[in-house]
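Chains, contacts and geometry: an overview
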Amino acid sequence: MKAKVHVTLKNGVLDPQGKAIEHTLHSLGFEGLNQARQGKFIELDLAETDPKKAHAQVDEMCKKLLANTVIENYTIDIEG
Amino acid sequence: MKACVIVFPASNCDRDMKVALEAATGSSVDMVWHRETDLTGYDLVAVPGGFSYGDYLRCGAMAARSPIMAEVIKHANRGGHVLGVCNGFQILCESGLLPGVLMRNANLKFICKDIELTVERNDTAFTSGYDVGQTITFPAAHHDGNYFANSETLKRVEGQGQVAFRYVNNPNGSADDIAGVYNENGNVLGLMPHPERSVEMLLGGLDGKPMFDSLVKSSAA
């Protein structure tokens, strides 16, 4: 099964790259943009077939490598 | 003092570190490939600068999970000295040996210039050759040197005297102007600017030399 992991910066953590994206979008004339935050998207192809076990495995991967929980949050979506 | 330098794929300050350490110790310094798993017999383990694993995922994230890092952690827990510079500092933070994390510079620019720092303590093995409050100059060369820790951690780091060096003019947005930090026991130091590039007048300065001499003195004591 497949897992989709989104890693995002925690609220309050400065995101200079998001800020730069925001500024450039403004300079391109896009109005009504309040904020842009940049994160990461990681797609995993797993041998595991049990969604619960797959989730637990990916959660472990996030904690050990994919996210740095000092500054980042993550969400996991398991797809059949 | 018996010292070694860890080498990761895309380390690029490893040889500078070796030259600086050999000049200070007067003996040969081993280069230890990241796949190796034994660090017994060393007084100092240096984790050098560079762009290990191309900075993929996060700076230092991959290197922090390589086999040798488990040994670096054991070495630190035995009370051995560990010095991480630039990417080495990022790796030590990612491995959990040091608190906090190094993020992209606040102004998004790669900084490559001489930087002034103040010495916060001189009662550690790394800094006995300096004076407290002394201003020193090391070259800095980094894109991700913006030190960040949550307010609770930062309070602890400040309260326990774990700040090693502060920037005189903060170039990268680091919390509390922090350029380098110690672990709680003071035997692990990570800093962004490069002491190993400041050990010969030919390189523009000598301010890094007292750090290496301090380490030699401390291991002889």
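Check the entry above for the structure.
1. What to know about the sheet that holds strand 2 (residues 40-45) of chain A
In any sheet, the strands associate via hydrogen bonds between backbone groups, in a parallel or an antiparallel arrangement. All names here are of chain A. Spatially, the 3 strands line up as an open sheet ordered 2-1-3, and their pairing is antiparallel. What marks the edges here is a single partner per strand, and that holds for strand 2 and strand 3 (72-79). Across this sheet, the average inter-strand angle for adjacent strands is 20 degrees, counted without regard to direction. Pairing geometry for strand 1 (residues 2-9) and strand 3, over 8 bridges, is antiparallel. The residue of strand 3 that forms the bridge with Val5 is Ile76. Lying on the sheet, helix 2 (residues 51-66) is in contact with strand 1, strand 2 and strand 3; it crosses strand 3 at an angle near 155 degrees.

2. Digging into the packing of aromatic side chains
All names here are of chain B. In total, this model carries 3 aromatic pairs over all chains according to the counting rule given. With a centroid separation of 6.1 Å and 10 degrees between ring planes, the pair formed by Phe89 and Tyr147 is classed as stacked. Of this pair, Phe89 sits in helix 3 (residues 87-95) while Tyr147 sits in strand 8 (residues 146-148); the two residues are 58 residues apart in sequence, bridging distant segments of the chain. The pair Phe89 / Tyr147 is uniform in exposure class, with both members buried. With 6.1 Å between their ring centres and 45 degrees between their planes, Phe126 and Tyr182 make a pair best called tilted. Residue Phe126 is found in the loop between strand 6 (111-119) and strand 7 (135-142), and its partner Tyr182 is found in strand 10 (residues 178-182); the two are separated by 56 residues along the sequence.

3. Examining empty space enclosed by the protein
All names here are of chain B. One pass over the full model with this rule turns up 1 cavity of 30 Å³ or more. The wall of the largest cavity is formed by Gly50, Phe51, Asp55, Cys59, Cys86, Asn87, Gln90, Ala141, His142, His143 and Asp144. Of all the elements in the fold, those that place two or more residues in the lining of the largest cavity are helix 3 and strand 7. Classifying every residue of the lining of the largest cavity gives 4 nonpolar, 5 polar and 2 charged.

4. Focus: the interface of chain B and chain A
On the chain A side, the residues contacting the 15 residues of chain B number 16 residues. Interface of chain B and chain A: buried area, both sides summed, is about 1,200 Å²; carbon and sulfur atoms make up 69% of it. Ranking the residues of chain B by area buried against chain A places Leu57, Arg58 and Met103 of chain B at the top, with a combined share of 39%. For the pair chain B and chain A, the number of links is 1 salt bridge. Arg58 of chain B is the salt-bridge partner of Glu72 of chain A, the closest N and O atoms lying 3.7 Å from each other. Applying the counting criterion to the chain B and chain A interface returns 5 residue pairs in polar contact (both at pLDDT 80 or more). Elements that contribute at least two residues to the side of chain B that touches chain A include exactly strand 5 (101-103) and strand 8 of chain B. Class assignment of the residues belonging to the side of chain B that touches chain A gives a composition of 8 nonpolar, 3 polar and 4 charged.

5. Side note on helix 2 of chain A
Along an α-helix, residues three or four positions apart point the same way, because every turn accommodates 3.6 residues. All names here are of chain A. Here helix 2 contains 16 residues, and its C-alpha end-to-end distance of 19 Å is more than 12% below the 22 Å for a straight helix at 1.5 Å per residue. Along helix 2, the residues that are buried comprise Ala54, Val58, Asp59, Cys62 and Leu66. End-on, the buried residues of helix 2 take up no more than an arc of 140 degrees, which puts them together on one face. Those residues of helix 2 that are exposed and aimed more than 90 degrees away from the buried face are Lys52, Lys53, Lys63 and Lys64. Tucked into the core, helix 2 has its buried residues touching strand 1, strand 2 and strand 3.

What counts, and at which threshold
- Counting of residues starts from 1 at the beginning of each chain's written sequence and follows it residue by residue.
- Whichever chain is written first is A, and whichever ligand is written first is 1; the rest continue in order.
- The model is predicted, so local features are restricted to residues of pLDDT at least 70 and side-chain atom pairs to those at 80 or more, both for listing and for counting; the totals for chains, interfaces and linings are taken over all residues.
- Side-chain numbers here rest on the full set of heavy atoms in the structure, without hydrogens or water.
- Any two strands with at least two DSSP-identified bridges between them are counted as paired.
- Helical segments are the DSSP runs of H or I of at least four residues, strand segments are the runs of E of at least two, and each set is numbered from the N terminus.
- Interaxial angle, 0 to 180 degrees, is taken between N-to-C directions of lines fitted to C-alpha atoms, where a helix line uses only the stretch in contact.
- Contacts were defined at the residue level, with two residues in contact if any of their heavy atoms lie within 4.5 Å.
- Centres within 6.5 Å make a pair out of two Phe, Tyr or Trp rings, where for Trp the six-membered ring is used; the pair is then stacked when the planes are under 30 degrees apart, edge-to-face when over 60, and tilted otherwise.
- The classification of residues rests on relative accessible area computed with a 1.4 Å probe and restricted to protein chains. Under 20% of the type maximum is buried, over 50% is exposed, and intermediate values are partly exposed.
- Cavities and pockets are defined on a 1 Å grid built over the protein atoms alone: a cavity is a set of grid points where a 1.4 Å probe fits but cannot escape, while a pocket is an open set with protein on both sides within 12 Å along at least five of seven lines, and lining residues are those with an atom within 4 Å of any such point.
- Grid points are joined across faces, edges and corners, and a volume is the space filled by probe spheres set on the points.
- The classification used treats Ala, Val, Leu, Ile, Met, Phe, Trp, Tyr, Cys and Pro as nonpolar, Asp, Glu, Lys and Arg as charged, and all other residues, Gly among them, as polar.
- Accessible-area loss on putting two parts together, using a 1.4 Å probe and summing over both, is the definition of buried area adopted here.
- Within this document, salt bridges are pairs made up of a side-chain nitrogen of Lys or Arg and a carboxyl oxygen of Asp or Glu, the two lying within 4 Å of each other.
- As used in this structure description, the phrase polar contact means that two N or O atoms lie within 3.5 Å; if the pair is within protein, one of them must be able to donate a hydrogen and the other to accept it, and residues adjacent in sequence are counted only when both atoms belong to side chains.
- To estimate the expected span of a helix, count its residues, drop one, and scale the result by 1.5 Å.
- Directions from the helix axis toward the C-beta atoms define the arc.

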